[in-house]
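Spelled out, the chains give:
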Amino acid sequence: MSRRRTLGTKKKIALLVGAATMAGGGAFVMANASNAAQTTQDARTKAAQDAGVCQGLATALGNNQRFIEGQRADPDAQSQARIENREAVVAEIERKQAASGCAVGESAQDSQAGRPQAGQEAGQDTGDQAGDQAGGAAQTGEQVCAGSTVTLSGEGGAPAASSNQFPVGTRLRVTNLDNDKSTTVEVNSVSGSCALLNDAAFEQVREEGKFLIRRALIEKVG
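These numbers come from a predicted model, not from an experiment.

## Things to note about the sheet that holds strand S6 (residues 196-197)
Next, step 1: Pairing is mixed in the open sheet, where 6 strands are placed in the order S1-S8-S4-S5-S3-S6. On the outer flanks of this sheet lie strand S1 (142-143) and S6, each paired with one strand and no other.
Next, step 2: Where strand S3 (residues 161-163) lies against strand S5 (residues 181-190), 3 bridges are found, and the strand directions are parallel. Within S5, the position partnered with Ala161 by the bridge is Val187.

Following this line, the structure appears as structure tokens:
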């Protein structure tokens, strides 16, 4: 007749501890995998944000460099003062590039800024099209420079804009269609873009951490 062996108390405790250790080890591995996935996602998000910042600064730098080249090619009595002012802006943009980890001195031109769309002259009334882009909201302005992106000049002072299409004193309303923020400013100088906002004006419509508005609605008002 066989005798059933019973486990002693110490053996039972040892088995329970071993099972708990294995379960805990599995949870630890799963936690590490989850943390690694989140870290990877965070890194990708930061890389995308950094790319947007660098592109915006590069566009701003290119706009100012192009303005300086234009003043040197066709100077007038005020050109030297304008050039010195924009050279200071270029230096500030390059400082921001260095602080943001971007390639210092890298510039990019806005390929669409200031160019009328096919079948549309610059300044032509396109109010219906503006209403479509702003979710059908009624617009009192006249859409201009459709398709242009908007960036900042790096200049200080009260909210203002510069433009290569509109004379000083023209009032422009710039709407960031990605966050529905708008600002209305006066053109106070010449630049290489349809609408180039100074720092104060750009702060009113920007998305945090971005130096470029890809989906912009630019209107001539007043």
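## Remarks on the side chain of Thr175
Next, step 1: Looking at the element boundaries, Thr175 is found in strand S4 (residues 171-176).
Next, step 2: Polar side-chain contacts of Thr175 include one of 2.6 Å to the side chain of Ser182.
Next, step 3: Setting aside residues no more than four positions away along its own chain, Thr175 makes contact with Asp180, Lys181, Ser182, Arg215, Ala216, Leu217 and Glu219.

## Focus: the pairing of S4
Next, step 1: Counted residue by residue, S4 has 5 buried out of 6 residues, so it is predominantly covered.
Next, step 2: As paired strands, S4 and S5 are joined by 6 bridges and run antiparallel to one another. Within S5, the position partnered with Leu172 by the bridge is Val185.
Next, step 3: Hairpin connection from S4 to S5: 4 residues lie between these consecutive antiparallel strands, with Asp180 at a positive phi of about 60°.
Next, step 4: Where S4 meets strand S8 (residues 216-221), 6 bridges bridge the pair, whose relative direction is antiparallel. Bridge pairing links Asn176 to Ala216 in S8.

Conventions adopted
Residues numbered from 1 in each chain as written. Predicted model: local features only at pLDDT ≥ 70, side-chain atom pairs only at ≥ 80, totals over all residues. Heavy atoms only, no water. Pairing = 2+ DSSP bridges. Helix = DSSP H or I, 4+ residues; strand = E, 2+ residues; numbered from the N terminus. Polar contact = N/O pair within 3.5 Å; in protein donor to acceptor, adjacent residues only side chain to side chain. Contact = heavy atoms within 4.5 Å. Buried < 20%, exposed > 50% of the residue type's maximum accessible area, 1.4 Å probe, protein only.

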